[in-house]
Amino acid sequence: ESMVTALSWDPSNVNILSSRARWLGELEYYEQSLADWNRAIRMQPDRAVFYQQRCDTYLHLKRPNRVLEDWETIMQLYREQGFPGSHDTGQRFNVYNNRAYQLGVANINPARALKDANRAIDLLGGDAAMLDIHGFSQYLQAYELYLESQLATALIRANLAITWSEKS
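Residues numbered from 1 in each chain as written. Predicted model: local features only at pLDDT ≥ 70, side-chain atom pairs only at ≥ 80, totals over all residues. Heavy atoms only, no water.

Contact geometry for helix H4 (residues 48–60) and helix H5 (residues 64–80): axes closest at 9 Å, N-to-C directions at 165°. Taken together, H4 and H5 sit at an angle that is classed as roughly antiparallel. Viewed along their axes, H4 and H5 form a crossing whose handedness is left-handed. Residues Ala-48, Tyr-51, Gln-52, Arg-54, Cys-55, Tyr-58 and Leu-59 of H4 form the contact with H5, whose own contacting residues are Arg-66, Val-67, Asp-70, Trp-71, Thr-73, Ile-74, Leu-77 and Tyr-78. Classifying every residue of the contact of H4 with H5 by side-chain character gives ten nonpolar, two polar and three charged. (Axes fitted to C-alpha atoms, helices over the stretch in contact; angles between N-to-C directions. Helix = DSSP H or I, 4+ residues; strand = E, 2+ residues; numbered from the N terminus. Parallel < 35°, antiparallel > 145°, perpendicular 65-115°, else oblique. Left-handed = near helix turned anticlockwise from the far one by under 90°. Contact = heavy atoms within 4.5 Å. Nonpolar A, V, L, I, M, F, W, Y, C, P; charged D, E, K, R; others polar.)

Before going further, it helps to examine the pattern of salt bridges. Overall, the coordinates contain six salt bridges when judged by the stated rule. The salt bridge partner of Asp-70 is Arg-54, with a shortest N-O separation of 2.7 Å. Pair noted here: Asp-70 is in helix H5 and Arg-54 is in helix H4, with a separation of 16 residues, a long-range link. With a shortest N-O distance of 3.5 Å, Asp-116 and Arg-112 are connected by a salt bridge. In this pair, Asp-116 and Arg-112 are both assigned in helix H7 (residues 110–123), four residues apart and thus about one turn of the helix distant. (Salt bridge = Lys/Arg side-chain N within 4 Å of Asp/Glu carboxyl O.)

The next subject is the side chain of Gln-102. Mapping Gln-102 onto the fold places it in helix H6 (residues 89–106). Beyond its immediate sequence surroundings of up to four residues, Gln-102 is in contact with Gln-52, Cys-55, Asp-56, Leu-59, Val-67 and Trp-71.

The next thing to look at is the environment of Asp-46. Here Asp-46 lies in the loop between helix H3 (30–43) and H4. C-alpha of Asp-46 to C-alpha of Leu-77: the two residues are 31 residues apart in sequence and 6.6 Å apart in space.

What follows covers the nonpolar core. What tends to happen in soluble globular proteins is that the nonpolar side chains get buried as a cluster. Of all hydrophobic cores here, the largest spans 28 residues; its most connected members are Val-67, Trp-71, Ile-74 and Tyr-78. Looking at this core, the elements with two or more residues in it are helix H2 (14–26), H3, H4, H5, H6 and H7. (Core = buried A, V, L, I, M, F, W, Y, C linked by side-chain atoms within 4.5 Å. Buried < 20%, exposed > 50% of the residue type's maximum accessible area, 1.4 Å probe, protein only.)

Predicted confidence across the protein chain gives a mean pLDDT of 86, with 85% of residues reaching 70 or more. Mean pLDDT across the elements of the protein chain ranges from a minimum in helix H1 (residues 2–9), with 64, to a maximum in H3, with 97. (pLDDT = per-residue confidence, 0-100.)

Before going further, it helps to examine the packing of H3 against H4. Between H3 and H4, the shortest axis-to-axis distance is 10 Å and the interhelical angle comes to 155°. The orientation of H3 with respect to H4, classified from their angle, is roughly antiparallel. As for the relative orientation of H3 and H4, their crossing is left-handed in sense. Taken together, the residues of H4 that come into contact with H3 (itself represented by Tyr-30, Ser-33, Leu-34, Trp-37, Asn-38, Ala-40 and Ile-41) are Phe-50, Tyr-51, Gln-53, Arg-54, Thr-57, Tyr-58 and His-60. Residues that form the contact of H3 with H4 fall into these classes: eight nonpolar, five polar and one charged.

Structure (structure tokens):
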């Protein structure tokens, strides 16, 4: 309600609009979320992140072809910014990881999704376990505690690692 009010005061506020689009998606109001993403993109067509967020909405609406179309636009926007050379490792990781996820979930172009997933893993030093940053850090702490014979605490950390891994 407060976002609706804020938008009535300033209908051109793309930050409020994109926040509402995310919020509507969380509430599973995907059609309304899509309408807000479409409006945000019309207002700022050069914001790649809006297209990425819209892809998540398309996934929920089971419109995989639209995901592929948006990724073509996203990559064009990034290339215009000098991608990949002008982006740091974290930014490149996010692009490859997000595209791998969205194309994989959409079940379109699995070869591209796998290639991007491997690129993302390579950017992390080739260790796929690093994709689970929360769980992996807990595993490392558990192992160090085990080596120090702090078994009760190591077990707690191992259980946390398992919990985090199940979430991811």
